[in-house]
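Results of the structural survey
Here is what each chain is made of, one letter per residue.
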Amino acid sequence: MRIITLNVNGLRSAASKGLFDWLPRQEADVICVQELKAQQGDINGVMRAPDGYSGYFHCAEKKGYSGVGLYTRYSPDQIIEGTGIPEIDVEGRFLRVDFGNLTVISIYLPSGS
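Bear in mind the structure is a predicted one, so any value in this text is a computation, not a measurement. (Residues numbered from 1 in each chain as written. Predicted model: local features only at pLDDT ≥ 70, side-chain atom pairs only at ≥ 80, totals over all residues. Heavy atoms only, no water.)

Some remarks on a nonpolar patch on the surface
Residues Met 1, Ile 3 and Tyr 74 make up a contiguous nonpolar surface patch of about 320 Å² in total accessible area. Within the secondary structure, Tyr 74 sits in the loop between β4 (68–72) and β5 (78–81). Since its relative accessible area comes to 41%, Tyr 74 is described here as partly exposed. (Patch = residues over 30% accessible without salt bridge, like charges linked within 9 Å, V, L, I, M, F, W, Y side chains within 5 Å. Areas by Shrake-Rupley, 256 points an atom, 1.4 Å probe, with all protein chains shown as cover. Salt bridge = Lys/Arg side-chain N within 4 Å of Asp/Glu carboxyl O. Helix = DSSP H or I, 4+ residues; strand = E, 2+ residues; numbered from the N terminus. Buried < 20%, exposed > 50% of the residue type's maximum accessible area, 1.4 Å probe, protein only.)

Here it is as structure tokens:
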């Protein structure tokens, strides 16, 4: 299984720079993305379900801020958005998918400063 991760520094910006042309060429089974800077309503079309993938997202409540996602070729058995800690989860920093005994987490950690 091939899993990759990348900080997109804005999903819409990355889309305009060719992310969704690049993505299928990687032949990854799961792609974790961080720093979406988008709300659920901003994610549509190819951003939500690029060719061959399904997308799952945990967006921050604050517009233009953090957010994580996962693209996968397989249907997960379970999807968990957030840690269960409300003051952390409003920032959209944790998304987990389970495939049988494999767990993949897309996480975006805040700066230590």
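More follows now that the structure is in view.
Some words on the sheet that holds strand β6 (residues 94–99)
Taken together, three strands build an open sheet; the order of strands is β5-β6-β7 and the sheet is antiparallel. The sheet is open, and its two edges are formed by β5 and β7 (102–107), each paired on a single side. Averaged over all pairs of adjacent strands, the angle between strand axes in this sheet comes to 15°, irrespective of strand direction. Pairing geometry for β6 and β7, over six bridges, is antiparallel. Bridged to Arg 96 within β7 is Ile 105. (Pairing = 2+ DSSP bridges. Axes fitted to C-alpha atoms, helices over the stretch in contact; angles between N-to-C directions.)

Topic: the pairing of strand β3 (residues 54–58)
For β3, the tally of buried residues reaches four of five residues, placing the bulk of the element in the interior. In the sheet, β3 pairs with β4 via five bridges, with the strands oriented antiparallel. From the neighbouring strand, Gly 55 faces β4, where its bridge partner is Tyr 71.

With respect to unusual backbone geometry
The backbone of Asn 9 sits at a positive phi, close to 50°, despite the residue not being glycine. If you trace the backbone, Asn 9 turns up in the loop between β1 (3–7) and α1 (11–16). Residue classification places Asn 9 among the partly exposed positions, given a relative accessible area of 45%. Despite not being glycine, Ser 66 has its phi angle at roughly 30°, a positive value.

So, the pattern of salt bridges
In total, this model carries four salt bridges according to the counting rule given. Notably, a salt bridge pairs Glu 35 with Lys 37, separated by 3.5 Å at the nearest N-O pair. The salt bridge partner of Glu 91 is Arg 93, with a shortest N-O separation of 2.6 Å. Note on Glu 91: relative accessible area 25%, which makes it partly exposed.

Some points on the side chain of His 58
Checked against the element boundaries, His 58 lands in strand β3. Only 3.4 Å separates the side chain of His 58 from the backbone oxygen of Asp 89, close enough to count as a polar contact. With residues up to four places along the chain from it excluded, the contact list for His 58 reads Gly 67, Val 68, Glu 81, Gly 82, Asp 89, Gly 92, Arg 93, Phe 94 and Leu 95. (Polar contact = N/O pair within 3.5 Å; in protein donor to acceptor, adjacent residues only side chain to side chain. Contact = heavy atoms within 4.5 Å.)

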